[in-house]
Amino acid sequence: MIKFFKSLYIQVLLAILVGILLGHFYPTLAVELKPLGDGFIRLIKMMIAPIIFCTIVTGIANMQDTKKVGRVGLKAILYFEVVTTIALIIGLLVVNIMKPGAGMHIDPSTLDAKSVEGYITQGQNHSVADFILNIIPENIVNALSNSNLLQVLFFSILLGFALSKIGSKATPLLKGIQSFETALFSIIKMIMKLAPIGALGAMAFTIGKYGVGSLASLGQLMISFYITCILFIVLI
């Protein structure tokens, strides 16, 4: 029984159940737990860019054929762009067909649009030339801190290619990046232990603010998510 409760999956399910109960019986308290869910999401987002950087650099740097490195780098950028676009199209199709948020009766005027305003402005003003130029980072540290994944990918490919060209001189830096990569995955394991807390906070806030009736819409959202993932994995 103790081993059963040590399972992260079971802990998350129990945390979701506790979050539902808190949201229903103590809605005021539940709404105040929103930072728990937001914090967990931020922890995950914090890890994405550096992990991509390390895995791409080490993967390309360990290749012996420099011509192959160039081909892989170009294919990586094209693959990233094409597959991301397809993923967006599949997501839009599924969400417009299933309409998972239709039953939540949320007033759009109460939502914080600041997090997406930058993307909307960029999408309106960008030409093809602007898009291509935006792949090249003005500052790689800034690209990493802002989680600009395409810029991180571009720099990672260049660095990996450079390390593969300079031979033994690259060994100290490459070992450092590999050690950093190992440490990052260790941090991911630590973050995942906080998943039940994040799930509790997110569920408690949702039920406390929008009521138990929102569970149906949340369930529909999860079904839409899994349908999208299955379509993407099987077809793409």
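Being a predicted model, the structure only gives us computed values, none of them experimental.

How each quantity is defined
- Residues numbered from 1 in each chain as written.
- Predicted model: local features only at pLDDT ≥ 70, side-chain atom pairs only at ≥ 80, totals over all residues.
- Heavy atoms only, no water.
- Core = buried A, V, L, I, M, F, W, Y, C linked by side-chain atoms within 4.5 Å.
- Buried < 20%, exposed > 50% of the residue type's maximum accessible area, 1.4 Å probe, protein only.
- Helix = DSSP H or I, 4+ residues; strand = E, 2+ residues; numbered from the N terminus.
- Contact = heavy atoms within 4.5 Å.
- Phe/Tyr/Trp six-rings, centres within 6.5 Å; stacked < 30°, edge-to-face > 60°.
- Expected span 1.5 Å × (residues − 1).
- Arc of directions from axis to C-beta.
- Axes fitted to C-alpha atoms, helices over the stretch in contact; angles between N-to-C directions.
- Parallel < 35°, antiparallel > 145°, perpendicular 65-115°, else oblique.
- Nonpolar A, V, L, I, M, F, W, Y, C, P; charged D, E, K, R; others polar.

*Asks:* Honestly, the nonpolar core in this entry has me stumped. Any pointers?
*Replies:* Within soluble globular proteins, side chains that are nonpolar tend to cluster in buried spots. Counting residues in hydrophobic clusters, the biggest one holds 18 residues, and the most contacted among them are F53, V57, L159, L163 and I177. If you list the elements that add at least two residues to this core, you get helix 4 (34-61), helix 9 (149-165) and helix 10 (171-192). At 8 residues, helix 4 tops the list of elements feeding residues into this core. With sequence-adjacent residues up to four places away left out, L163 is seen in contact with V57, A61, A170, L173, L174 and I177.

*Asks:* Sorry if this is basic, but what is going on with the packing of aromatic side chains here?
*Replies:* Summed over the entire model, instances satisfying the criterion amount to 3 aromatic pairs. With centroids separated by 6.3 Å and ring planes inclined at 15 degrees, the aromatic side chains of F53 and F155 adopt a geometry described as stacked. Of this pair, F53 sits in helix 4 while F155 sits in helix 9, and the two are 102 residues apart along the sequence. Summarising the aromatic geometry, the rings of F205 and Y210 are spaced 6.4 Å apart at their centres and angled 85 degrees between planes, so their arrangement reads as edge-to-face.

*Asks:* What should I look at first to understand the environment of T182 in this one?
*Replies:* You can see T182 is positioned in helix 10. Owing to a relative accessible area of 56%, T182 belongs among the exposed residues under this scheme. Separated by 127 residues in sequence, T182 and T55 place their C-alpha atoms 10.0 Å apart.

*Asks:* Even after reading the chapter, I still don't get the environment of L43, so can you show me in this structure?
*Replies:* Within the secondary structure layout, L43 lies in helix 4. Once the C-alpha coordinates of L43 and I188 are considered, the two residues, 145 residues apart in sequence, prove to be 8.8 Å apart. For L43, the residues in contact, after removing those within four places along its chain, are I191 and L194.

*Asks:* How should I be thinking about helix 12 (residues 214-235) in this particular structure?
*Replies:* Since the α-helix advances by 3.6 residues per turn, residues separated by three or four positions end up pointing in the same direction. Counted at 1.5 Å a residue, the expected span for helix 12 with its 22 residues is 32 Å, and the 31 Å between its end C-alpha atoms agrees. Within helix 12 the residues assigned to the buried category are S214, S217, L218, S224 and T228. Mapping the buried residues of helix 12 onto a view down its axis gives an arc of 115 degrees, with all of them on the same face. Projecting away from the buried face of helix 12 at angles above 90 degrees are the exposed residues A216, I230, I233 and V234.

*Asks:* I keep staring at the packing of helix 11 (residues 195-210) against helix 12 and nothing clicks. Help me out?
*Replies:* Think of two packed helices as two axes; the pair is described by the angle between the axes and how far apart they sit. Where helix 11 contacts helix 12, the axes come no closer than 9 Å and their chain directions differ by 135 degrees. Classed by the angle they form, the pair helix 11 and helix 12 counts as oblique. Along its contact with helix 11, which presents M203, T206, I207 and Y210, the element helix 12 presents S214, L215 and L218. Among the residues making up the contact of helix 11 with helix 12, the classes are represented as 5 nonpolar, 2 polar and no charged.

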